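Structure at a glance
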Amino acid sequence: MKGGWFRGYAIVYLLVLYAPIMLLPIFAFNDSAIVSFPLAGFTTKWFTQMADEPTLHDALRNSLFIAVSTAVISTLLGILAARASTRFVFPAKGAIMGLIMLPLVLPEIIAAVSLLVVFLGIGIPLGLITIILGHVLVCTPFAIAILSASFQSLDKSLEEAAYDLGETPLSTFWLIILPLVMPGIISSLLITFTISLDEFIMAFFLGGTNVTLPVYIFSQFRFPQSVPVIMALGTLLVLLSITLLAIAEYFRRRGIAKTGGKNTGGFL
Amino acid sequence: MTFSADRSTMIEFRDVHKYYGDYHALRGISGEIKSGEFFSLLGPSGCGKTTLLRTIAGFEGISSGAVLIDGKDTAGIPPNKRPTNMVFQSYAIFPHLTVAENVGFGLRRDPRSAAEKSRAVDEALEMVGLKGYGGRAANALSGGQRQRVALARALILKPKVLLLDEPLSALDKKMRELMQVELIKLQRQVGITFILVTHDQEEALVMSDRIAVMFEGEIAQLADPETLYRRPNSRKVADFIGTMNFIPCEVLSQGMDTIEVDAKGLGRVTLSTDQAPPPNGKESPVVGLRPETLTLLYPGQSTQDRTVDGVVDEVIYFGDMTYYDVYIGGTDVEVRLSMRNVPGRPILDVGTQVQLAWNPSALVLFR
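The structure reproduced in this document is the subject of the present report. (Residues numbered from 1 in each chain as written. Chains lettered and ligands numbered in written order. Predicted model: local features only at pLDDT ≥ 70, side-chain atom pairs only at ≥ 80, totals over all residues. Heavy atoms only, no water.)

A few points about the overall build of chain A
Quick reminder of the rule: Numbered from the N terminus, helices here are DSSP runs of H or I no shorter than four residues, and strands are runs of E no shorter than two. Accessibility here uses a 1.4 Å probe with only protein chains present; expressed as a share of the type maximum, an area under 20% marks a residue as buried, one over 50% as exposed, and anything in between as partly exposed. Should any heavy atoms of two residues lie within 4.5 Å, those residues are counted as being in contact. The convention is simple: Lys and Arg are positive, Asp and Glu are negative, and His and the chain ends are not counted. Here the site of a charge means atom NZ of a Lys, CZ of an Arg, CG of an Asp or CD of a Glu.
Across its full length, chain A carries 11 helices and 0 strands. From first element to last, N terminus to C terminus, chain A shows the α and β order α-α-α-α-α-α-α-α-α-α-α. Each of the three principal axes of chain A carries a C-alpha extent, and together these read 70 × 65 × 35 Å. The buried share of chain A, taken over its 268 residues, is 43%. When contacts within chain A are restricted to residue pairs at least 6 apart in sequence, long-range pairs at least 24 apart make up 70% of them. Across chain A, the mean location of the 14 positive side-chain charges is 10 Å away from that of the 13 negative side-chain charges.

Looking at the overall build of chain B
The condition that has to hold: To be clear on the numbers: accessible area is Shrake-Rupley with a 1.4 Å probe, and residue cover counts the displayed protein chains and nothing else.
Counting its regular elements, chain B contains 8 helices and 20 strands. Overall, the C-alpha framework of chain B stretches about 75 × 50 × 40 Å when taken along its three principal axes. Residue burial in chain B is summarised as follows: out of 367 residues, 48% are buried. Of all intrachain contacts in chain B linking residues separated by at least 6 positions in sequence, the fraction that spans at least 24 positions is 66%. Surface accessibility of chain B: about 17,000 Å² in total, with carbon and sulfur atoms responsible for 48%. Side chains of chain B carry 41 positive and 45 negative charges; the gap between the two charge centres is 8 Å.

Thoughts on the environment of A162 of chain A
One can find A162 of chain A in helix α7 (residues 156-164). Relative accessible area serves as the criterion here: at 0%, A162 of chain A is assigned to the buried category. Sequence separation of A162 of chain A and G98 of chain A is 64 residues, and the distance between their C-alpha atoms is 32 Å. Not counting residues within four places of it along the chain, the set of residues in contact with A162 of chain A comprises E167, T172 and I176 of chain A together with F94 and F105 of chain B.

Comments concerning the side chain of R231 of chain B
Residue and element names in this part refer to chain B. As a reminder, the rule being used: The salt bridge definition used is simple: a Lys or Arg side-chain nitrogen within 4 Å of an Asp or Glu carboxyl oxygen. Polar contacts, as used here, are pairs of N or O atoms within 3.5 Å; protein pairs need one atom able to donate a hydrogen and one able to accept it. Residues neighboring in sequence count only if both atoms are side-chain atoms.
Among the structural elements, R231 can be located in the loop between α7 (225-230) and α8 (235-240). Among buried Asp, Glu, Lys and Arg side chains, R231 stands out as unpaired, with D274 the closest opposite charge at 4.4 Å. A distance of 3.2 Å separates a polar atom in the side chain of R231 from the backbone oxygen of S361. Not counting the four nearest positions on each side in its chain, R231 is found in contact with Q221, E226, D274, Q275, S361, L363 and V364.

Remarks on the nonpolar core
Across soluble globular proteins, nonpolar side chains have a tendency to be buried as a group. This is how it is decided: Among the buried residues, those of types Ala, Val, Leu, Ile, Met, Phe, Trp, Tyr and Cys that are joined through side-chain atoms within 4.5 Å form a nonpolar core.
With 45 residues, the main nonpolar core has I11, F13, L41, I56, F94, L163 and I195 of chain B as its most contacted residues. With 6 residues, the top contributor of residues to this core is helix α8 (residues 169-198) of chain A. Among residues more than four places away in sequence, those in contact with F13 of chain B are I29, S30, G31, I33, L52, T55, I56, A66 and V67 of chain B. Grouped together as the second largest cluster of nonpolar side chains are 34 residues, F38, I93, V99 and L141 of chain B included.

A closer look at the sheet that holds strand β10 (residues 218-223) of chain B
Residues and elements named next belong to chain B. Cut-off, in case you're wondering: In short, DSSP must find at least two bridges between two strands for them to pair. Lines are fitted to the C-alpha atoms to define the axes, a helix being fitted only along its stretch in contact, and any angle between axes, read from their N-to-C directions, falls within 0 to 180 degrees.
Strand order in the open sheet made by the 6 strands is β6-β7-β8-β3-β9-β10, with mixed pairing throughout. With one partner strand each, in any of the chains shown, β6 (84-87) and β10 form the two edges of the open sheet. Pairwise comparison of adjacent strand axes, ignoring direction, gives a mean angle of 20° for this sheet. For strand β9 (residues 210-215) and β10, the ladder comprises 5 bridges, and the chain directions are antiparallel. The residue bridging F215 from the neighbouring strand is E218, located in β10. Contacts from helix α4 (residues 143-155) reach β6, β7 (161-165) and β8 (193-198), with the element oriented near 175° to β6.

Remarks on unusual backbone geometry
Residue and element names in this part refer to chain B. The phi torsion at A92 lies on the positive side, around 50°, for a residue other than glycine. Checked against the element boundaries, A92 lands in the loop between β6 and α2 (99-103). When its relative accessible area of 1% is taken as the criterion, A92 is described as buried. You will see that K158, though not glycine, has its phi angle at about 45°, which is positive. Take K158: it is sitting in the loop between α4 and β7. Here K158 falls in the exposed class, since its relative accessible area comes to 67%.

Considerations on the packing of aromatic side chains
Residues and elements named next belong to chain B. The line we're drawing: Within 6.5 Å between ring centres, the rings of Phe, Tyr and Trp (the latter by its six-membered ring) count as paired, and their orientation is classed by plane angle as stacked under 30 degrees, edge-to-face over 60, tilted in between.
Here the structure, examined in full by the defined rule, presents 14 aromatic pairs over all chains. A centroid spacing of 4.6 Å and a plane angle of 50° characterise the contact between F94 and F105, whose relative ring orientation is tilted. Of this pair, F94 sits in the loop between β6 and α2 while F105 sits in the loop between α2 and α3 (114-127), and the two are 11 residues apart along the sequence. Side by side, F94 and F105 carry an identical accessibility label, which is buried.

A few points about the sheet that holds strand β19 (residues 353-358) of chain B
Residue and element names in this part refer to chain B. On the basis of which strands lie adjacent, the open sheet formed by 5 strands has the order β15-β19-β16-β17-β18 and antiparallel pairing. Two strands in the sheet have a free side with no partner beyond their single neighbour: β15 (295-297) and β18 (334-340). Recorded for the sheet is a direction-independent mean angle of 50° between the axes of neighbouring strands. For strand β17 (residues 321-328) and β18, the ladder comprises 7 bridges, and the chain directions are antiparallel. Pairing of M321 across the sheet is with R340, part of β18.

Given below as structure tokens:
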């Protein structure tokens, strides 16, 4: 068979990538406190048990607050940066954009430790706000990458036409640019929300006594009896992430089709 | 193709210069565009024609000089406050709006009632032949229809000047020819000054009352199409507009009203001074001759014009026309001539001995 080896390699690769995640729902519905085969039977009790965990509820509330704030702030910053980088020429543009995008590849633990030192040094109390700041740092490059594609596919003469037809630069932004990049904005909001929701290192270092969902999950692994509940929680998180990312990708593609651009590939 | 020169001035360029950093894009443009005129800026890409158009719209500032619209200096006036509207090369149709919303976009700040505005939109759509298309999504239109929407959208504001930036370049040949005629009719109907930017010399000749030919940021010649074609003021302009044969020659004597030249293959010719634009002194002298001013004499035909013998070197058949490349006067000078194909007139073969008729008045001397 032509390319048989490569096909086999691809299948093994995908299995290693996704098979462990598939174990999550399996054990989430398994009627046993011990995570091992053979399976004991079907139950939904681990899901109902989540309702009786007040610390889980706190973590969920914290995570949602942080994720929503992070999504809004990093998307706003992303709009400004993407607009600037696609429409204007300014000195050292390449270097500035490169530095802004750097957190994408920077070891996150380094950034988290540095931020921790700075916050403690200038006396900012650790809490939800400091986690949000850390998450904005992580998420803004993603927002810029998504939004730059949206702004890039926008024909400059559309703005000029609106300006020519009597609108001001500001009303042109509201009437023409914003509606056309809206799919990109929605896509950016959803992806940064998802990243923030799953993020662990920043939340762990910068949270003080505040716990987010990933930190909660990590802490609960010390107690064997709560592992099945974590499996149930993980199952829900995976479902939520996949749904949000699928919606985000839908909007990203629709936005590019709307402005007549070419799809150059996104994160999905 | 006649245009009365007594109309008022709509646009005036006064020694306009434009620099992009070190790049000198416009190098001292001066000239006037008359009210109600169909004016074209013609030139190869990079000659500054689009930049000049955009200085009228207000999208480009100028480095020195002045651009006046209807007698008023435009310095510091932004595009949204200028009495000009533009049809963009990409048409710039707003993809998220309907056809009617696109056409009516410029009326947003108009104090008229919604009903009156909607009537104005309908009228504008009817004018460009898109009656009943108002409710359609702008995205669903063909190239020609987008073009019409862009025209209606610009004309609904009744600008003093309509600016057209290569508006036909994205259309196929048939559609382009159709739109050329429609644009001419539309311009006559609305009486607004049209300024067209194009790199297509044929398009400029067909559509314009007057044409400014631009090279490297300068206007090389500003004239009506017939003058441009018959009396180009430089070899470069002659070469850019249509086809012209250039025959090396020697200037024998220069009189008050006449110039005597010896053209290779044609022999001695006396030209009037208006056949000789001012010399630029850079190139060796040539006389220019358009292909259609040369006639192939068939056996038994006679002529009042001068004649020259030749040998057919190449035959290019175009259906309605045939082009012949002919060596003339026993020299290595080759000229191209065009003959209309009519029934009973055979297409000649390569190598045929022929006689060509030509008239000295058709020559232009470049030196």
